[in-house]
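A closer look at the structure
Spelled out from the first residue to the last, the chains are:
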Amino acid sequence: AIQEGAYAFLNQEYKWLSIFGVATALFLSLGVGQMTTGFCFVVGALISGSAGWIGMSIAVRGNVRTAAAAIHGLDPALRVAFDTGTVMGMVVVSSGTLGISLVYMIITNYMEPNEALSSLAGFGFGASTIALFSRVGGGIYTKAADVGADLVGKVEAGIPEDDPRNPAVIADCVGDNVGDIAGMGADLFESYVGSIIAASSLGLEVFGLNGVALPLYISAAGILCSIFGTFFVHTREGANQEELLKALRSGNMAASILLVICVGFILPSMEFEAPLPIYIVIVLGLVAGIIVGAATEYCTSGAYSPVQGIAKSAETGPATVLIRGLAVGMFSTVPPIVIVTLLIVVSLSLAGVYGVAISAVGMLATLGITLATDAYGPVVDNAGGIAEMAELEPIVRDRTDALDALGNTTAATGKGFAITSAILTALALLVAFQKDVSGDGTTPLVADIVDTSSTNMVMPGLLIGALAPYVFSGFTMLAVGKSAGAVIEEVRRQFRLGLIEGTDGIKPDYRACVDIVTKASLKEMIAPGVLAIAIPVVFGLLLGPQCLVGILTGGIISGALMAIMMSNAGGAWDNCKKYIEGGAFGGKNSECHKAAVVGDTVGDPFKDTSGPALNILIKLMSIVSLVMAPVLKSMFMK
């Protein structure tokens with residue numbers, strides 16, 4: 001049933017996206033007159049969608065195997081779930097690296113390298129478009145089902161999570177796959193290829209073809225290092241959360257150390273005049289990603305004081321849980337922003353703007369294993385639901401719950417990692433846009449905030465850009481609320497028929513809830529998706545490239561802060577609930593647990609719908625602007 005529901009949703013979603021994709025490709029090819037950009041758009045969209053589809057296909061098979069492995073112990077379940085996530089991670093990074101390489105080789109047969117890289121922005125545009133709609137549509141689906149199932153099942157009826165009597169339980173499990181697997185895969189594929197495209201575009205001017213090739217070589221080395229790191233992930237029976245986190249962390253550290261060694265061999269072989277500064281910024285990007293992951297882990301794991309403090313506040317009710325969780329989310333923005341700021345300053349001083357772009361590549365180089373630790377979470381979440389519905393031994397559910405709590409932390413870490421890399425990638429894309437739209441094509445367009453002339457549109461652009469993430473998040477939050485409301489009414493209707501009491505002849509109608517969230521999510525994803533593409537197009541054409549520079553800058557600042565806050569607050573609320581379910585403050589079904597469930601339901605759209613989609617928003621606006629650069633240059637620049 002989970003497989004059927006997941007495939008049905010993706011079939012419908014990709015059907016609508018194919019119509020949008022064809023229309024966009026035709027517009028780029030015929031309307032704008034960029035045939036190669038239209039070709040790159042189609043290839044990027046197809047590969048991005050395929051990566052999400054393959055990842056979901058593996059996940060819906062790995063979940064039941066993880067539940068079966070949990071019968072034999074904690075480590076077998078961890079290995080099966082992690083190996084399932086590894087397939088997703090390797091599909092994303094290998095298809096991204098191979099896709100960009102092949103497309104670049106094809107189009108350079110017909111144009112100069114600088115023109116080819118300009119057209120390659122279409123590849124990123126295609127990947128970003130699929131990522132946005134997949135993340136938003138899947139996020140609405142998974143959180144509408146999750147919120148509906150939790151509020152009526154756990155809070156109102158008092159039945160366990162994933163109880164088979166709950167009609168929304170299958171929709172909830174389907175949502176884990178279409179939102180947290182397919183959507184997340186397309187999301188991080190877009191981050192990965194976006195960083196490579198931005199670094200290659202800026203590298204050509206500074207270092208020639210070596211600057212184009214270096215991001216691809218680093219990415220290829222990162223794939224091999226990630227495979228090496230997966231062999232270090234193991235744990236013992238009865239391991240606590242700190243030991244489980246250490247097990248996954250050991251794999252990431254092994255991959256990162258090996259990559260540092262590999263890059264040390266790659267750079268000298270390419271004969272850069274000054275390879276040491278480039279080597280330093282690549283390593284710093286990798287280290288920055290690890291530190292951001294550790295900071296996010298501290299803010300969202302039940303093993304540390306921020307989440308334990310939220311659990312303590314549950315003693316006084318759900319209101320204090322929400323207040324404390326929001327405070328944790330707000331404070332959690334400090335470490336990533338400070339780290340990224342320092343990285344940008346050092347990278348600019350050592351290697352200019354190319355240093356910023358190549359540091360983003362370094363940060364994402366080991367995405368194969370990072371994504372494996374992220375994708376593993378939804379697999380064990382599904383496994384726990386299957387164990388509950390199959391009425392397996394309580395020890396099996398205890399093992400899957402322990403792995404699920406770990407999955408919540410790794411998911412939050414992955415989102416923090418994605419948002420941080422999005423800042424660097426979007427900044428590099430912004431600089432590439434400024435250069436492409438300038439009068440001579442090499443000197444960046446000057447966008448002065450303090451210029452008081454009547455033609456200066458930077459400040460209005462900053463305000464519009466800062467507003468965009470709030471409007472976008474409003475659409476996605478409202479969509480989850482409306483869709484969840486429909487699920488709640490349907491579950492209540494079925495419960496009134498005697499479903500809880502076990503009335504003869506009354507069985508849960510799972511398909512009804514699946515149909516509700518499928519239709520609602522496909523309908524509600526349109527407005528935020530169109531908004532993200534329309535903002536740079538409309539304001540760029542009406543107010544010009546200076547305004548667009550302001551919009552992109554304001555969007556990066558506002559969107560990054562809001563994305564970190566929402567993702568981390570949601571992850572902290574989720575693990576607060578898991579911490580209490582582990583026996584703290586009265587355990588399951590206590591008043592503290594009920595308060596924590598309210599916090600978790602509020603945090604669900606924060607961490608799995610609005611927050612993760614914002615990092616796509618800031619990069620999509622940047623990549624759309626880069627694609628539009630030739631048009632804007634011909635219209636506004638002399």
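These notes cover the structure that comes with them.

1. Brief notes about the overall build of the protein
When you go through the protein residue by residue, the secondary structure sums to 18 helices and 0 strands. By the compact-globule yardstick of 26 Å for 638 residues, the protein fits well, its C-alpha radius of gyration being 24 Å. On the principal axes, the C-alpha backbone points of the protein span a range of 75 × 50 × 45 Å. Counting all 638 residues of the protein, 62% fall into the buried class. When contacts within the protein are restricted to residue pairs at least 6 apart in sequence, those whose partners lie at least 24 apart make up 84%. About 22300 Å² of surface is accessible on the protein, with carbon and sulfur atoms providing 67% of the total. With 33 positive and 50 negative side-chain charges, the protein shows a spacing of 3 Å between the two charge centroids.

2. Considerations on the environment of F123
With respect to the secondary-structure elements, F123 resides in helix α4 (residues 113-156). Residue classification places F123 among the buried positions, given a relative accessible area of 0%. Through-space distance from the C-alpha of F123 to that of G38 is 8.5 Å; in sequence the pair is 85 residues apart. Beyond its immediate stretch of four places on either side in the chain, F123 contacts C40, F41, V43, G44, I47, G99, I100, V103, F189, V193 and I197.

3. A look at the nonpolar core
Core analysis: the biggest nonpolar cluster contains 198 residues, and M56, F123, L214, I358, L367 and F433 have the highest contact counts within it. The residues contacting L214, other than those within four sequence positions of it, are I266, L267, M270, F272, I278, I282, Y354 and I358.

4. Looking at the state of the cysteines
Under the counting rule described, the total for this entry stands at 0 disulfides. The thiol of C262 is not disulfide-bonded; the next cysteine sulfur, from C225, is found 3.9 Å away.

5. Considerations on helix α7 (residues 241-269)
In this model α7 runs 43 Å from its N-terminal to its C-terminal C-alpha over 29 residues, within 8% of the 42 Å that 1.5 Å per residue would give. Listing the buried residues of α7 in full gives L244, L245, A247, L248, G251, A254, A255, S256, L259, V263, I266 and L267. On its buried side, α7 packs onto α3 (74-107), α6 (209-230), α8 (275-300), α11 (334-364), α12 (367-389) and α13 (394-437).

6. Details of the packing of α12 against α13
Look at α12 against α13: their axes get within 7 Å of each other, and the N-to-C directions meet at 145°. For the element pair α12 and α13, the recorded crossing hand is left-handed. By residue class, the composition of the contact of α12 with α13 is 10 nonpolar, 9 polar and 6 charged.

7. Some words on the packing of α8 against helix α17 (residues 545-581)
The N-to-C vectors of α8 and α17 enclose an angle of 45°; their axes lie 8 Å apart at closest approach. When the axes of α8 and α17 are compared, the pair comes out oblique. In contact with T296, C299 and T300 of α8, α17 contributes N568, G571, A572 and N575.

8. What about the packing of aromatic side chains?
With the rule as written, the count across this model stands at 11 aromatic pairs. When the ring of F207 is compared with that of Y354, the centres are 5.3 Å apart and the planes differ by 65°; the resulting orientation is edge-to-face. Here the residue F207 occupies a position in helix α5 (residues 169-207), and Y354 occupies one in helix α11, the gap between them amounting to 147 residues. Judged by its relative accessible area of 30%, F207 is partly exposed.

9. A few points about the side chain of S119
Mapped onto the secondary structure, S119 falls in helix α4. Within the structure, the side chain of S119 is placed 2.7 Å from the side chain of T36, a separation counted as a polar contact. Other than its neighbours up to four places away in sequence, S119 contacts T36, T37, C40, I107 and M111.

10. Regarding the pattern of salt bridges
Summed over the entire model, instances satisfying the criterion amount to 23 salt bridges. The partner of K143 in a salt bridge is D146, and the shortest N-O contact between them spans 3.0 Å. Placement of the pair is K143 and D146 together in helix α4, with a separation of 3 residues, close to one helical turn. The pair formed by K143 and D146 is uniform in burial state, with each residue classed as buried. Residue K594 is joined to E591 by a salt bridge in which the shortest nitrogen-to-oxygen separation is 3.8 Å. Of this pair, K594 and E591 both sit in helix α18 (residues 591-636), separated by 3 residues, roughly a single helical turn. Through salt bridges that share partners, K143, D146, D574, K577, D600, D604, K607 and D608 make up one connected network.

11. Remarks on the environment of L258
Mapped onto the secondary structure, L258 falls in helix α7. As a C-alpha pair, L258 and L224 span 34 residues in sequence and 9.2 Å in three-dimensional space. Discounting chain neighbours no more than four positions away, the residues touching L258 are C225 and F228.

12. Considering a nonpolar patch on the surface
Taken together, the side chains of F39, L98, L102, M105, I106 and Y110 make up a nonpolar region of the molecular surface, amounting to roughly 660 Å² of accessible area. With respect to the helices and strands, Y110 occurs in the loop between α3 and α4.

13. Observations concerning the environment of I516
Mapped onto the elements, I516 comes out in helix α15 (residues 510-524). Taking the C-alpha atoms as reference, I516 lies 40 Å from H234; in sequence the two are 282 residues apart.

14. Some points on unusual backbone geometry
The backbone of F585 sits at a positive phi, close to 55°, despite the residue not being glycine. Take F585: its relative accessible area is 28%, and that puts it in the partly exposed class. Backbone geometry places N589, a non-glycine residue, at a positive phi of 70°. If you trace the backbone, N589 turns up in the loop between α17 and α18.

About the thresholds
Residues numbered from 1 in each chain as written. Predicted model: local features only at pLDDT ≥ 70, side-chain atom pairs only at ≥ 80, totals over all residues. Heavy atoms only, no water. Helix = DSSP H or I, 4+ residues; strand = E, 2+ residues; numbered from the N terminus. Rg over C-alpha atoms; globule rule 2.2 N^0.38 Å. Buried < 20%, exposed > 50% of the residue type's maximum accessible area, 1.4 Å probe, protein only. Contact = heavy atoms within 4.5 Å. Areas by Shrake-Rupley, 256 points an atom, 1.4 Å probe, with all protein chains shown as cover. Lys, Arg positive; Asp, Glu negative; His and termini not counted. Charge placed at Lys NZ, Arg CZ, Asp CG, Glu CD. Core = buried A, V, L, I, M, F, W, Y, C linked by side-chain atoms within 4.5 Å. Disulfide = S-S within 2.5 Å. Expected span 1.5 Å × (residues − 1). Axes fitted to C-alpha atoms, helices over the stretch in contact; angles between N-to-C directions. Left-handed = near helix turned anticlockwise from the far one by under 90°. Nonpolar A, V, L, I, M, F, W, Y, C, P; charged D, E, K, R; others polar. Parallel < 35°, antiparallel > 145°, perpendicular 65-115°, else oblique. Phe/Tyr/Trp six-rings, centres within 6.5 Å; stacked < 30°, edge-to-face > 60°. Polar contact = N/O pair within 3.5 Å; in protein donor to acceptor, adjacent residues only side chain to side chain. Salt bridge = Lys/Arg side-chain N within 4 Å of Asp/Glu carboxyl O. Patch = residues over 30% accessible without salt bridge, like charges linked within 9 Å, V, L, I, M, F, W, Y side chains within 5 Å.

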